[in-house]
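As a plain string of letters, each chain reads:
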Amino acid sequence: MGGIVGCFARDGCFERLFSALNRLEYRGYDSAGIALLSGEGAFSVRKKKGGVAAIAGEPLAGSVGIGHTRWATHGAPSDVNAHPHLCGKFALVHNGVVENDAALRAELAAAGERFLSETDSELIVHLIARAYAGDFFAAVSAACARIEGSYAVAVLCADHPDTIVCARRGSPLVAGAGGGALYVCSDIPALCGSAAYICPAEEGEFVVIRAGEIGFFRADGSPVPGKVFTRVRGAARPHAVGAKTHMEAEIAEVPAALAGTLASLKEADLSACRAPFRAARRVLAVGCGTAYHAALSFCGLLAAEGVPSLCRPASEAAALAAGEGDVLVAVSQSGETADTLAAARAARARGAFLLAVTNVEQSSLASLAQAALFLRAGPEVAVAATKSYNCQLLCLYFLAARLLAARSTAPAWEQSLAALPALARRAFDSFSAVSALAAAWQDARGMYFLGRGQDAVTAREGALKVKEIAYIFAEGLPAGELKHGPLALVEEGFPVALICTSRALIRKCATAAAEVSARGGRVALFSQYGEALAIPAAFRIRLPAAPEPLMPALAVIPLPHLACRLALLRGHDPDRPRNLAKSVTVE
Ligand code: F6R
């Protein structure tokens, strides 16, 4: 998995590929590579283990090239497993997973092919080389027909030094043009700042850059009619200022991002949703990781208002059996997460009404959905989702309010949505106390995050951030579950973050805190209520107050800050956690 890019440019082809790879790096940073093709059909290749910086240096010559940044699935991160992979007259970069890898490997090995890497991707370039009889496009198309699984590929051929042939199925691919160059790329945000116009390739389509022109084709080589390039929307990827990491910068952007979401919601057109909302048998929600937590919060809110709703991680969406009469809300910052797309496609195919909540307006998820709400949170570069979570919650609160209005009456708390950016800014007042908490907890080997009701979801989100960024084992639990097993791990000094934003649950939270304190555990309490003083705690973090149904968007704010401080104190780069990638385009 990872990100691919291809470029045709008479000037600076290497530099353009390199800068696109830098912007794609959030898709993987195990290794990187670039291949350029000279006019005489000679390849120059540089590929190395490590991030994109590892392939910096003297530009390679050529005006046609391909590049890759890798998140390892088949084969460890290494120079040899880095893309591009070469075979005979061909060089290839691939994003996706070849599911019939074992069968193809055995077949090709029996036919005498020898492989240099352990990757599934290398098999594709061998398939292409074997299918080649002078027609470059036909060879790529024939090889793609043999692949089970997902792919976006960009391929060079020494016999055609002015051409890049690309194809996609299950992995995203977008064509771009601007600034004297033509591009293909895994992702729109990576083209922001380079291409002025873009046009996504649909499932099963091929993109060919040839002699300074770009075209879309079907597998049989016939042109796809009606493809239109549109102006790139969205800002270029920002760079964290000063010593700040992207994660710190993105946490600091939460209030501005929420203001962007509010502006987007003012323009939102939900007219297509009215009838499905009114008639919905069930409201279902899916997402992955942090986006799943946002979806859980949404369903919790609807359930509290008496609307039948269910949530599952997108990878488990089959259990929802979404179909006719259901509304499925698919939540994804990137709009390209493979599990979420698979759940959305399956639900649509069975007749559910699909609504997307995403940050990327031209994403695959947005184009698949019958209606969409856009976060307009600005680019999120750090691997861990931060500001996008707050903005997803705001979108989902808005959606819940509109849904309730369509079915009966709008909830009173809808009026308070506009106050969230200012309240979020006030949540930053807690940061010095949270930094002190991180200093006290930096040597912990494990920790719990507890909450009841909607705070249990915030607890899960806090635990996810600590795990992925600080590499400390952390579990987010409903506080009432503590005594049913997890309490066994609590001993002298064990850290427990307890979130309590519901006045009605203060007493119950006090019981959980007492259970922890009695075993020597150290409780840090996160609450907006003075009355929460009744809860025994070693640390107290005061939250700003909003109507209780909206509190998850505020209560979560100190938690990524805690994770980020823990990561920095333990010497880890919070922007690039090990083993992870920002956009997970394999199921
Ligand atoms: C966690 C995190 C991931 C993503 C998940 C879904 O900090 O960032 O769990 O939330 O991979 O990504 P999107 O929202 O792009 O579908």
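Our subject in this report is the structure included herewith. (Residues numbered from 1 in each chain as written. Predicted model: local features only at pLDDT ≥ 70, side-chain atom pairs only at ≥ 80, totals over all residues. Heavy atoms only, no water.)

Description of the overall build of the protein
Argument step 1. Summing up its helical and strand segments, the protein has 17 helices and 24 strands in all.
Argument step 2. Each principal axis of the C-alpha atoms in the protein carries an extent, and together these give about 80 × 55 × 45 Å.
Argument step 3. Taking contacts inside the protein between residues at least 6 apart in sequence as the whole, the part at least 24 apart equals 71%.
Argument step 4. If you sum the accessible surface of the protein, you get close to 21200 Å²; carbon and sulfur atoms cover 53% of it.
Argument step 5. Between the averaged position of the 56 positive side-chain charges in the protein and that of its 53 negative side-chain charges there is a distance of 5 Å. (Helix = DSSP H or I, 4+ residues; strand = E, 2+ residues; numbered from the N terminus. Contact = heavy atoms within 4.5 Å. Areas by Shrake-Rupley, 256 points an atom, 1.4 Å probe, with all protein chains shown as cover. Lys, Arg positive; Asp, Glu negative; His and termini not counted. Charge placed at Lys NZ, Arg CZ, Asp CG, Glu CD.)

Some details on the packing of helix H6 (residues 254-267) against helix H11 (residues 387-407)
Argument step 1. The interhelical angle for the contact between H6 and H11, taken along N-to-C directions, is 30°, at an axis separation of 9 Å. With respect to H11, the axis of H6 lies roughly parallel. Crossing of H6 over H11 shows right-handed handedness. Contact with H6, carried on its side by Val254, Ala257, Leu258, Thr261, Leu262 and Leu265, involves Lys387, Asn390, Cys391, Leu394, Cys395 and Phe398 of H11 and no other residues of that element.
Argument step 2. When the residues that make up the contact of H6 with H11 are grouped by side-chain class, the tally is nine nonpolar, two polar and one charged. (Axes fitted to C-alpha atoms, helices over the stretch in contact; angles between N-to-C directions. Parallel < 35°, antiparallel > 145°, perpendicular 65-115°, else oblique. Left-handed = near helix turned anticlockwise from the far one by under 90°. Nonpolar A, V, L, I, M, F, W, Y, C, P; charged D, E, K, R; others polar.)

Structural notes on the pattern of salt bridges
Close approach of charged atoms allows side chains of opposite charge to pair.
Argument step 1. The full count for this structure, using the stated rule, is 18 salt bridges.
Argument step 2. One salt bridge connects Lys387 with Glu253, and the closest N-O pair in it is separated by 2.7 Å. Of this pair, Lys387 sits in helix H11 while Glu253 sits in the loop between helix H5 (246-252) and H6, placing them 134 residues apart in sequence.
Argument step 3. Here Arg402 makes a salt bridge to Glu414, at a shortest N to O gap of 2.9 Å. With Arg402 in helix H11 and Glu414 in the loop between H11 and helix H12 (420-427), this pair connects stretches of sequence that are twelve residues apart. (Salt bridge = Lys/Arg side-chain N within 4 Å of Asp/Glu carboxyl O.)

Regarding the site of the ligand
Argument step 1. Near the ligand there are 14 residues, and of these Ser332, Gln333, Ser334, Thr337 and Glu468 occur at the shortest range.
Argument step 2. Cys288 places a polar main-chain atom, nitrogen or oxygen, 3.5 Å from an oxygen atom of the ligand.
Argument step 3. Measuring from an oxygen atom of the ligand, one finds a side-chain N or O atom of Ser332 at 2.6 Å.
Argument step 4. Considering the ligand on its own, with 410 Å² of exposed area, one finds that the protein chains cover 89% of that surface.
Argument step 5. Of all elements in the fold, only helix H8 (289-304) and helix H14 (455-470) reach the threshold of two or more residues within the shell around the ligand. (Near = heavy atom within 4 Å. Polar contact = N/O pair within 3.5 Å; in protein donor to acceptor, adjacent residues only side chain to side chain.)

The analysis is restricted to geometry; functional conclusions fall outside its scope.
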